[in-house]
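Chains, contacts and geometry: an overview
Okay, here's what each chain looks like letter by letter:
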Amino acid sequence: MDFGTVVHTDLADDAPSMMLVCEHASNRIPVSLGDMGLEPDALLSHIAWDPGALAVAKLMAARMSAPLVYGGVSRLVYDCNRPPEAAGAMPVRSENWDIPANASLSSQGRKARIEGVYEPFRKSLSDVLDQYRRSLELMVTVHSFTPIYLGKKREVELGILHGEDDRFATSMMAQQPAQNPYVTRLNEPYSAADGVAHTLDAQAAPRGLMNVMIEIRNDLIETPEQQSAVADALVPWIARVLSGINKKVAM
């Protein structure tokens, strides 16, 4: 099956200290899968992708001269932040929507998606990490989340998440900007217990690379101005924390 371009890579020109990943950057459904049995509004919603996340990731990458790896297909086809054995890798239901094309997916169909979507994404990310291994100190994954989930409003605006390596996440929380404009919480609205730390734990942790997952409420990054404001808040914050950690290590 032809899934089209499932992963994109923007490389850096120099020796970057950090790299960015945006697994849920696209809501594209391959032509061969039609509409997956879903209405157009579902395919435009947060169940299909992370609205605004790629725009923020690209701004951050440009400002920090960092490489960026991002997905080119909807998370409904395959969620690249989940291992093949996870139920959420090819979800049969997401929030209030059933996913008919996934409910009827055969073992052969699952294998085709793993080999055609997940493996190329995993390999591309691994290759970039290896390419810059001499200079990289940090991997940041960028996501967005819906402000209302299952009818419940989420007060958190910015989530700082970690997997098995909590070094950078806890340091970010401890060193929040004095005038942080966003309600920021550790491991909200998700945590590793929800299975969201796969990329962090499978790619960065084995390399000893510090890592963190940034979750941004998507109503705060709907416009270019909002996206730029979030990037303006995150870039110096991350840079300051990374510099502080490096100073401690050098002492």
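Preceding this section is the structure that the text describes.
So, here's what we can say about the structure. (Residues numbered from 1 in each chain as written. Predicted model: local features only at pLDDT ≥ 70, side-chain atom pairs only at ≥ 80, totals over all residues. Heavy atoms only, no water.)

1. A few points about the layout of surface pockets
- Computed from the structure, the largest pocket encloses a volume of approximately 540 Å³.
- Around the largest pocket, the lining comprises 28 residues; the ones closest to its centre are Arg75, Arg82, Ser94, Tyr149 and Tyr190.
- Contributing elements (two or more residues each) for the lining of the largest pocket: β4 (93-94), β6 (138-145) and β11 (210-217).
- The residue makeup of the lining of the largest pocket, split by class, is eleven nonpolar, nine polar and eight charged. (1 Å grid on protein atoms, 1.4 Å probe; cavity = no way out; pocket = protein on both sides within 12 Å on 5 of 7 lines; lining within 4 Å. Points joined across faces, edges and corners; volume = space filled by probe spheres on them. Helix = DSSP H or I, 4+ residues; strand = E, 2+ residues; numbered from the N terminus. Nonpolar A, V, L, I, M, F, W, Y, C, P; charged D, E, K, R; others polar.)

2. Some details on the side chain of Ser171
- Examined against the element boundaries, Ser171 turns out to sit in helix α5 (residues 167-174).
- For Ser171, the residues in contact, after removing those within four places along its chain, are Val241 and Ile245. (Contact = heavy atoms within 4.5 Å.)

3. Re the packing of aromatic side chains
- For the coordinates displayed, the defined rule picks out one aromatic pair.
- On the numbers, 5.2 Å between centres and 35 degrees between planes, the contact of Tyr78 with Tyr118 is tilted. With Tyr78 in the loop between β3 (68-71) and β4 and Tyr118 in helix α4 (residues 107-131), this residue pair connects regions lying 40 residues apart in the sequence.
- Taking the relative accessible area as the measure of exposure, Tyr118 reaches 7% and is therefore buried. (Phe/Tyr/Trp six-rings, centres within 6.5 Å; stacked < 30°, edge-to-face > 60°. Buried < 20%, exposed > 50% of the residue type's maximum accessible area, 1.4 Å probe, protein only.)

4. Looking at empty space enclosed by the protein
- Using the criterion set out here, one finds one cavity of 30 Å³ or more in the structure.
- Within this model, the largest cavity holds a volume of roughly 60 Å³.
- If you go around the largest cavity, the residues you meet are Cys80, Tyr118, Phe121, Arg122, Leu125, His198, Thr199, Ala202 and Gln203.
- Counting only elements with at least two residues in the lining of the largest cavity, the list comes to α4 and α6 (198-204).
- By residue class, the composition of the lining of the largest cavity is five nonpolar, three polar and one charged.

5. A short note on unusual backbone geometry
- Here the bond from Glu188 into Pro189 is cis, since omega is 0 degrees, no more than 30 degrees from zero.
- With respect to the helices and strands, the residue Pro189 is situated in the loop between β10 (184-186) and α6.
- Of note in this structure, Met36 is not a glycine but carries a positive phi near 60 degrees.
- Of note, Met36 is situated in the loop between β2 (18-22) and α1 (40-44).
- With a phi angle near 50 degrees, Glu95 is a residue other than glycine that sits in the positive phi range.
- For Glu95, the position within the fold is in the loop between β4 and β5 (97-98).
- Judged by its relative accessible area of 14%, Glu95 falls in the buried class.

6. A word on helix α2 (residues 53-64)
- When the terminal C-alpha atoms of α2 are compared, their 16 Å separation across twelve residues agrees well with the 16 Å that a helix rising 1.5 Å per residue should span.
- Taken as a whole, α2 has its buried residues at Ala53, Leu54, Val56, Ala57, Met60, Ala61 and Met64. The arc enclosing the buried residues of α2, seen along the axis, measures out at 160 degrees, which places them on a common side.
- Downstream of α2 by one or two residues, Ser65 has phi in the positive range, about 50 degrees. (Expected span 1.5 Å × (residues − 1). Arc of directions from axis to C-beta.)

These results come straight from atomic positions and should not be treated as a statement about function.
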